[in-house]
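# Results of the structural survey
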Amino acid sequence: FNHLCFLFQQKYGDVFTVYLGLAIREALVDQAEAFSGRAKIAVVDPNVQGYGKGLRATGRGQGIRMGMGIGEGEDFGMGKRSVEERIQEEAQCLVEELRKSQGALQDPIIYFHSITANIICSIVFGKRFDYRDPELLRLLELFLQLFVLISSLSSQLFDLYPSFLKYVSGLHRQIYKNLQEINVFTGRSVEKHRETLNPNAPRDFIDCYLLRMEKDKSDPQSQFDHRNLITSVLSLFFAGTETTSTTFRYGFLLMLKYPHIAGASDPSAGPE
């Protein structure tokens with residue numbers, strides 16, 4: 001490194017600036033459309049087959065769906081009920097649920113999973129579920145199973161040799177069943193949205209997507225179709241449920257371990 005600096009000094013003088021990361025910036029910012037694709041996850045590819053924007057997405061389709069999420073998708077977030085309001089509503093519901101326990105010991109994990117899933121449900125489906133609702137509990141069960149199965153050694157081996165292992169009985173078949181059940185649930189919700197859709201008052205992500213599908217139906221290159229909608233909803237749950245709830249759990253653990261930090265961040269949260 002010293003020799004390199006000496007060479008630069010000989011060429012550019014005693015004062016010079018070295019810019020690092022220009023190639024990375026050019027790839028990820030200036031040429032984001034070309035470099036923003038993600039490699040497929042072999043164990044879930046039989047379900048998604050290149051659709052959606054989170055589990056696997058490349059090229060023009062991803063750009064269109066991302067544009068919808070940032071553009072028209074903001075309509076339901078910045079309209080009558082913002083995403084912030086949905087989060088505040090869920091936080092209030094959680095507080096009320098904890099009050100019902102009257103100080104009894106509680107396992108917070110199920111609550112953290114429920115609140116993150118409920119916020120996504122509110123944005124995607126336009127409604128939240130009670131924490132004991134069978135449909136919500138079943139969705140959480142399916143997703144938690146998926147995260148465990150996809151992280152397993154068996155799934156990692158499947159990603160290495162999918163063309164051979166797909167013919168062998170294994171965890172990949174349970175992953176397929178779980179994803180199919182989630183897609184069926186989403187499909188039923190989409191059909192209900194079609195029946196009650198009001199073009200002048202979109203309620204949630206599905207409504208916005210359906211309106212965009214109708215708008216682009218004459219475009220043969222449009223990526224807005226039913227299959228992409230189903231898989232995009234699946235991607236939203238994958239992207240937000242486990243990651244956010246895990247962050248909540250670690251934050252909760254740290255505040256319990258260091259109560260003086262919790263008190264410093266919010267005096268009302270500190271020990272009495």
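In its Cofactor (unreviewed entry) section, UniProt records this for the protein: "heme".

With that settled, consider the overall build of the protein. Looking only at helices and strands, the protein has 15 helices and zero strands in total. The long-range fraction of contacts in the protein, counting pairs at least 24 apart against all pairs at least 6 apart in sequence, stands at 64%. A total accessible area of about 17000 Å² is found for the protein, and carbon and sulfur atoms account for 59% of it.

Let's shift gears to helix 7 (residues 83–100). Taking 1.5 Å per residue as the helical rise, helix 7 with its 18 residues ought to reach 26 Å, and the 26 Å between its terminal C-alpha atoms agrees with that figure. Residues R86, E90, L94 and E97 constitute the buried set of helix 7. The arc that holds every buried residue of helix 7, seen down its axis, measures 80°, which confines them to one face. Exposed residues lying more than 90 degrees from the buried face of helix 7 are E84 and R99.

This part is about the packing of aromatic side chains. One pass over the full model with this rule turns up eleven aromatic pairs. Here F112 and F248 contribute two aromatic rings whose centre-to-centre distance is 5.9 Å and whose plane-to-plane angle is 35°, an arrangement assigned as tilted. Of the two residues, F112 sits in helix 8 (residues 108–124) while F248 sits in helix 14 (residues 226–257), which places them 136 residues apart along the sequence. Looking at F112, the relative accessible area reads 9%, which means it is buried.

Here we come to helix 9 (residues 134–150). For helix 9, built from 17 residues, the straight-helix expectation of 24 Å at 1.5 Å per residue is met to within 8% by its first-to-last C-alpha distance of 24 Å. Among the residues making up helix 9, those that are buried are L136, L139, L140, L142, F143, L146, F147 and L149. On its buried face, helix 9 sits against helix 8, helix 10 (153–160), helix 12 (171–196) and helix 14. Where helix 9 begins, the capping side chain belongs to D133, and its oxygen is found 2.8 Å from the backbone nitrogen of E135.

Once the charged atoms of two side chains with opposite charge are near each other, the side chains can pair. Enumeration over the complete set of coordinates arrives at ten salt bridges. We note a salt bridge from E97 to R132, for which the minimum N-O separation is 2.5 Å. Note that E97 is positioned in helix 7 and R132 in the loop between helix 8 and helix 9, a separation of 35 residues in sequence. Judged by relative accessible area, which is 5%, E97 ranks as buried.

Let us look at the packing of helix 9 against helix 14. The N-to-C vectors of helix 9 and helix 14 enclose an angle of 80°; their axes lie 11 Å apart at closest approach. Here helix 14 runs roughly perpendicular to helix 9, going by the angle between their axes. Contact residues: helix 9 offers F143, L144, L146, F147 and I150, while helix 14 offers L234, F237, F238 and E242. Within the contact of helix 9 with helix 14, the residues separate by chemical class into eight nonpolar, no polar and one charged.

Within the secondary structure, L157 is located in helix 10. In the structure, L157 is positioned 114 residues away from V43 in sequence and 9.6 Å away in space, judged by C-alpha atoms.

Analysis parameters
Here the residue numbering is sequential within each chain, running from 1 through the sequence in written order. The predicted nature of this model means local features are confined to residues of pLDDT at least 70 and side-chain atom pairs, given and counted, to a pLDDT of 80 or more, with totals for whole chains, interfaces and linings taken over all residues. Computation of side-chain values covers all heavy atoms of the structure but excludes hydrogens and water. UniProt positions are given in the numbering used here, feature names are shortened, and annotations may be inferred rather than shown by experiment. The helix and strand labels rest on DSSP assignments: H or I over at least four residues marks a helix, E over at least two residues marks a strand, and numbering proceeds from the N terminus. Residues are treated as being in contact if the distance between any of their heavy atoms lies within 4.5 Å. For every accessible area listed, the method is Shrake-Rupley and the probe measures 1.4 Å; residues are considered covered only by the protein chains on display. Here the expected length of a helix is defined as 1.5 Å per residue gap, with one fewer gap than residues. Note on classification: 1.4 Å probe, protein chains only; a residue is buried when its accessible area is under 20% of the maximum for its type, exposed when over 50%, partly exposed between these limits. The arc in question is the one traced by the directions running from the helix axis out to the C-beta atoms. Classification of ring pairs uses Phe, Tyr and Trp, with its six-membered ring standing for Trp, and accepts pairs whose centres are within 6.5 Å; under 30 degrees between planes counts as stacked, over 60 as edge-to-face, and the remaining range as tilted. Any N or O atom pair separated by 3.5 Å or less is treated as a polar contact, with the protein-specific requirement of one donor-capable and one acceptor-capable atom, and with residues adjacent in sequence counted only for side-chain atom pairs. Salt bridges are counted wherever a side-chain nitrogen of Lys or Arg sits within 4 Å of a carboxyl oxygen of Asp or Glu. Only the stretch in contact is used when a helix axis is fitted, and all axes are lines through C-alpha atoms; the angle between N-to-C directions ranges over 0 to 180 degrees. Any angle between 65 and 115 degrees counts as roughly perpendicular, while under 35 counts as roughly parallel, over 145 as roughly antiparallel, and the rest as oblique. Residue polarity follows a fixed list, in which Ala, Val, Leu, Ile, Met, Phe, Trp, Tyr, Cys and Pro are nonpolar, Asp, Glu, Lys and Arg are charged, and the others, Gly among them, are polar.

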